[in-house]
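Structural features, examined
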Amino acid sequence: MTGAGSAALRLGIDLGGTKIAGIALAPGDRVASERRMPTPSQDYAATLEAIAEMIAGLERDGGARGSVGVGMPGSLSPVTGSMQNANSTWLNGRPFARDLEARLGRRVRLANDANCFALSEAADGAGEGARSVFGVILGTGCGGGLVLDGRLIDGPNSIGGEWGHNPLPWAGAEEHPGPLCWCGRRGCIETWLSGPGLEADHTRATGSQIGCEEIAKAARSGDAAARATLARHADRLARGLAHVVNIFDPEVIVLGGGLSKLMHLYQELPDGIGAHVFADRPHVSLKPPRWGDASGVRGAARLWPPNEAAG
Ligand SMILES: [Zn+2]
């Protein structure tokens, strides 16, 4: 089965640093197969081969050929066509999409993990039924993806929705110039709002080095310093998201990544965001994810809409 519009399956691959996950969606978005395998570490050729093996397995399970979408932590440079910013560093500088297309004998779509997350949650997750969705990953980093009418907004720089390396908006004097970011700038949103950013803020305030889960646990048991840390984080997150609302005005914001488990955010943030939104009676809908980590692979499969899937 070949040609546009005739793919019986939509295949999604989530290429992580330690594991590769795969899914096959049959018509009607029924899950026809799911597979997992370890990522061959430090070996580019073996990584391509492992993905090809995964695709072959998914197609055997599903009994048909499929379109291929791949989610990964980095992105393709529109300038060079090579991979950039992947934490599976053996992929960086390689023409990954071209090599994978040659190996699989078909076109492949790639997107970063935040875009796959946003697409998945917009399709049949927390943003189902909404026209516009901003999906945010708050984990080791701070990524984002924008979906409008079921499609990713991805411009000439392939950075649509990437808000993590904008400066923290409405920053106070004590937030200037802000922590140094790995990207070379100071005070990026990611340095405040990611898991490591939250932990570093707690350390600066208290001298104690503990993880996000411990901070949340301490806050629940009444620890004033931990509560203050979470309050600063929620306030900064509200300001960061208000900036996005003032530009894109999404019907739904979905949080993902480790910090999406901080349930106080869903109570506190809508009002906190609203305080900075340029509207008389702001309406902000903020939701926890439906699919969580599984959104990576589910969103990758949806990089090809059913009517375009070129199997
Ligand atoms: Zn940065």
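These notes cover the structure that comes with them. This is a predicted model, so every value here is computed, not measured. (Residues numbered from 1 in each chain as written. Predicted model: local features only at pLDDT ≥ 70, side-chain atom pairs only at ≥ 80, totals over all residues. Heavy atoms only, no water.)

**Overview of the packing of helix α7 (residues 224-248) against helix α8 (residues 264-274)**
For any two helices packed against each other, one specifies the inter-axial angle together with the distance between the axes. Rule in force here: In this analysis, axes come from line fits to C-alpha atoms, helices being fitted only over the stretch in contact, and the angle between any two N-to-C directions falls in the range 0 to 180 degrees. A run of DSSP states H or I qualifies as a helix once it reaches four residues; a run of E qualifies as a strand once it reaches two. Both are numbered from the N-terminal end. Every angle not falling under 35 degrees, over 145, or within 65 to 115 is termed oblique; those three ranges are roughly parallel, roughly antiparallel and roughly perpendicular. Crossings are assigned a handedness: left-handed for a near helix turned anticlockwise from the far helix by less than a right angle, right-handed for a clockwise turn. Residue contacts are counted whenever heavy atoms from the two residues lie within 4.5 Å of one another. Amino acids are sorted into nonpolar (Ala, Val, Leu, Ile, Met, Phe, Trp, Tyr, Cys and Pro), charged (Asp, Glu, Lys and Arg) and polar (every other residue, Gly among them).
Interaxial distance between α7 and α8 falls to 9 Å at its minimum, and their mutual angle equals 50°. On the basis of their axis angle, the class for α7 and α8 is oblique. When you trace α7 past α8, the crossing you get is right-handed. Contacts from Leu230, Ala234, Leu237, Ala238, Leu241, Ala242 and Val245 in α7 reach His264, Leu265, Glu268, Leu269, Gly272 and Ile273 in α8. Looking at the contact of α7 with α8, its residues break down into ten nonpolar, two polar and one charged.

**Observations concerning α8**
Put simply, the rule is: Exposure categories follow from relative accessible area, calculated using a 1.4 Å probe and restricted to protein chains: below 20% of the type maximum is buried, above 50% is exposed, and the middle band is partly exposed.
Turning to α8, its buried residues number three or more, namely His264, Leu265, Tyr266, Leu269, Ile273 and Gly274. Taken together, the buried residues of α8 touch α7, β11 (252-256) and β12 (286-287).

**Things to note about the layout of surface pockets**
Let me state the cut-off plainly: Using a 1 Å grid laid over the protein atoms alone, points where a 1.4 Å probe fits but cannot get out form a cavity; open sets with protein on both sides within 12 Å along at least 5 of 7 lines form a pocket; any residue with an atom within 4 Å of a point counts as lining. Grid points are joined across faces, edges and corners, and a volume is the space filled by probe spheres set on the points.
The volume enclosed by the second largest pocket comes to roughly 390 Å³. As for the second largest pocket, its lining consists of 16 residues, and the residues nearest its centre are Ala216, Arg220, Leu230, Leu262 and His264. Listed by contribution, the elements that provide at least two residues to the lining of the second largest pocket are α6 (212-220), α7 and α8. The greatest single-element share of the lining of the second largest pocket, amounting to six residues, is contributed by α6. In terms of residue class, the lining of the second largest pocket is built from eight nonpolar, two polar and six charged.

**Digging into the sheet that holds β11**
Selection criterion: Only when DSSP finds a minimum of two bridges between them are two strands counted as paired.
The strand order across the open sheet formed by five strands is β10-β9-β8-β11-β12, and the pairing between neighbours is mixed. At either margin of the open sheet sits one strand with a lone partner, and together these are β10 (151-152) and β12. Two strands pair when backbone bridges link them, and strand β8 (residues 132-138) and strand β9 (residues 142-148) are joined in this way by seven bridges, in the antiparallel orientation. Bridge assignment links Phe134 to a residue of β9, and that residue is Leu146. Lying on the sheet, helix α3 (residues 113-124) is in contact with β8, β9, β10 and β11; it crosses β9 at an angle near 40°. The sheet strands contacting α7 are β8, β9, β11 and β12, and the helix crosses β8 at an angle near 155°.

**Examining the sheet that holds strand β7 (residues 108-112)**
For sheets, the rule is that strands pair by backbone hydrogen bonds, running either parallel or antiparallel. Spatial strand order, β3-β2-β1-β4-β7: five strands in an open sheet with mixed pairing. Where the open sheet ends on each side, the last strands, each with one partner, are β3 (30-38) and β7. Neighbour-to-neighbour, the strand axes of the sheet open up by a mean angle of 20°, direction not taken into account. The pairing of strand β2 (residues 19-26) with β3 spans eight bridges and is classified as antiparallel.

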